[in-house]
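# Structure at a glance
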Amino acid sequence: TCALPICLIHFYKRLQLRMSLFNYSPDGSRVAVTSADGRLTIWNNNSEIYQQFSPSAHLSSKITSLAWCPASHLKTPKKKTKGVKENENSTADIIALGTSSGSVLLYSVNQGDVVTRFEAAPADVKVNCVIWSNSSQSVIVAAEDGTVSIFCIMTLKLLAKFKTGKEPIHSLAITDDDKHIISGARKIQVWEVRKQTLQQTFVGHSSEVLSLRCVFYKGESFILSTATDDRYISVWKLNIGEKPRKKADPVYSTLSVNETIDQQESLKLGEEELLTSVTSTEGNVHLFRYSLAEKSSKPIKATNTIKITNKNSDKSNIESVPVRANHLDRKSV
């Protein structure tokens, strides 16, 4: 046996509503969760409420996506509201919040308030996905109208905006070197950041691609993708050269979950092995330990499955406690 680097979120009777959106802090000590009424709640790893924020004073539309800044060395962007002082030497925990009215808010956990906003799309166009660059210098935003926008956090300016097609974008990822953005609609497209040119396309999902993860393995980049009602994860190999690839590349490997996928996480275990964790809609967590050294024609099966149960006070009945999210902690590897 070995200690797995995983954190779980589960709900007891007092919190049985499923989360609409969530994202973990970089160190895994807190998780930001949105509720149906538009409230942002931050929980610590002791299942205690760390902070709550209701955006009604700043926002009349629904939060549609959120992403925690991957690094804590950034200074908080200057707040436009008068009368609020900023500590220039403080580090900032910043959460990017996409909205149904085309805007992106930057929420400072340190200040407990929104510090700035970007207009990524027209007011009638929803922001479907928001991610951070690995350098934490930029926020990448995907909208319902098929556009991708890149905003600089330091200058608070729009760096680039390009159209991926007519279909809405439902997911985003970025390579480790921040040079390529991956967008997910019904097909997956790889874009060069500097010139916003299409480099590679993957086709294989029959519905909207809701989740993308980029992993770096032995000097090469791979994409893990899942779509609506999928029971498997597709693994794609990036082959990025000077010229765009005209033909769609086939799937490299497949992870067989056998339950509808709700969430996925991945990280490297040493030089030879990857760990992927999958939360299913049934409330279970499936763990995959595998190699991408060679293409696999057979589906890769889960190595372990985690289920949580709870005994009633009279110990006569054992009930299942569904897991709603998981987080892989790099510090434990």
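Residues numbered from 1 in each chain as written. Predicted model: local features only at pLDDT ≥ 70, side-chain atom pairs only at ≥ 80, totals over all residues. Heavy atoms only, no water.

## What to know about the overall build of the protein
To be explicit about the condition: Note on conventions: DSSP H or I runs of at least 4 residues are helices, E runs of at least 2 residues are strands, and numbering of each starts at the N terminus. Any residue under 20% of the maximum accessible area for its type is buried, any over 50% is exposed, and the rest in between are partly exposed; the area is computed with a 1.4 Å probe on protein chains only. By definition, residues are in contact when any of their heavy atoms lie within 4.5 Å. All accessible-area figures derive from a Shrake-Rupley calculation using a 1.4 Å probe, and residue coverage is judged against the displayed protein chains alone.
Of the regular secondary structure elements, the protein holds zero helices and 29 strands. Every one of the 333 residues in the protein was classed for burial, and the buried ones make up 51%. Sequence separation of 24 or more characterises 48% of the internal contacts of the protein that already satisfy a separation of 6 or more. Accessible surface computed for the protein: about 16,800 Å², of which carbon and sulfur atoms make up 48%.

## A closer look at the confidence of the model for the protein
Threshold: Scored from 0 to 100, pLDDT reflects the predictor's confidence in each residue.
Across the protein, the average pLDDT comes to 84, with 83% of residues at 70 or higher. The model gives residues 11-19 a pLDDT under 50, and that stretch makes 18 contacts with residues more than four places away or in other chains. Every residue in residues 80-91 scores below 50 in pLDDT, and together they form 16 contacts with partners more than four places removed in sequence or on other chains.

## Focus: the sheet that holds strand E23 (residues 273-280)
Just so we agree on the cut-off: Strands are treated as partners if at least two bridges between them are detected by DSSP. Note on geometry: axes are C-alpha line fits, over the in-contact stretch for helices, and angles between N-to-C directions span 0 to 180 degrees.
In space, the four strands of this open sheet follow the order E22-E23-E24-E26, with antiparallel pairing throughout. Each edge of the sheet is formed by a strand with only one pairing partner; in this case those strands are strand E22 (261-269) and strand E26 (304-306). Between one strand axis and the next, the sheet turns through 20° on average, direction left out of account. Note: E23 against strand E24 (residues 285-290), six bridges, orientation antiparallel. Each residue of the ladder has a partner; that of Thr279, found in E24, is Val285.

## Digging into the environment of Ser225
The condition is simple: Definition of a polar contact: a pair of N or O atoms within 3.5 Å, with one able to donate and the other able to accept a hydrogen when the atoms are protein atoms, and with sequence-neighbouring residues admitted only if both atoms are side-chain atoms.
Relative to the helices and strands, Ser225 is located in strand E19 (residues 220-227). Placed 54 residues apart in sequence, Ser225 and Ser171 show a C-alpha to C-alpha distance of 9.3 Å. Setting aside residues no more than four positions away along its own chain, Ser225 makes contact with Ile188, His205, Val209, Ser211, Leu212, Tyr232, Ile233, Ser234, Trp236 and Gln264. Here Trp236 takes part through its side chain, which lies 2.8 Å from a polar atom of the side chain of Ser225.

## A short note on unusual backbone geometry
As a rule of thumb, non-glycine residues mostly have phi less than zero, and peptide bonds are mostly trans rather than cis. With phi around 60°, Leu156 is a residue other than glycine that occupies positive phi space. Inspection of the secondary structure assignment puts Leu156 in the loop between strand E12 (147-152) and strand E13 (157-163). Phi at Asp178 is positive, roughly 65°, even though this residue is not glycine. In this fold, Asp178 is placed in the loop between strand E14 (171-174) and strand E15 (180-184).

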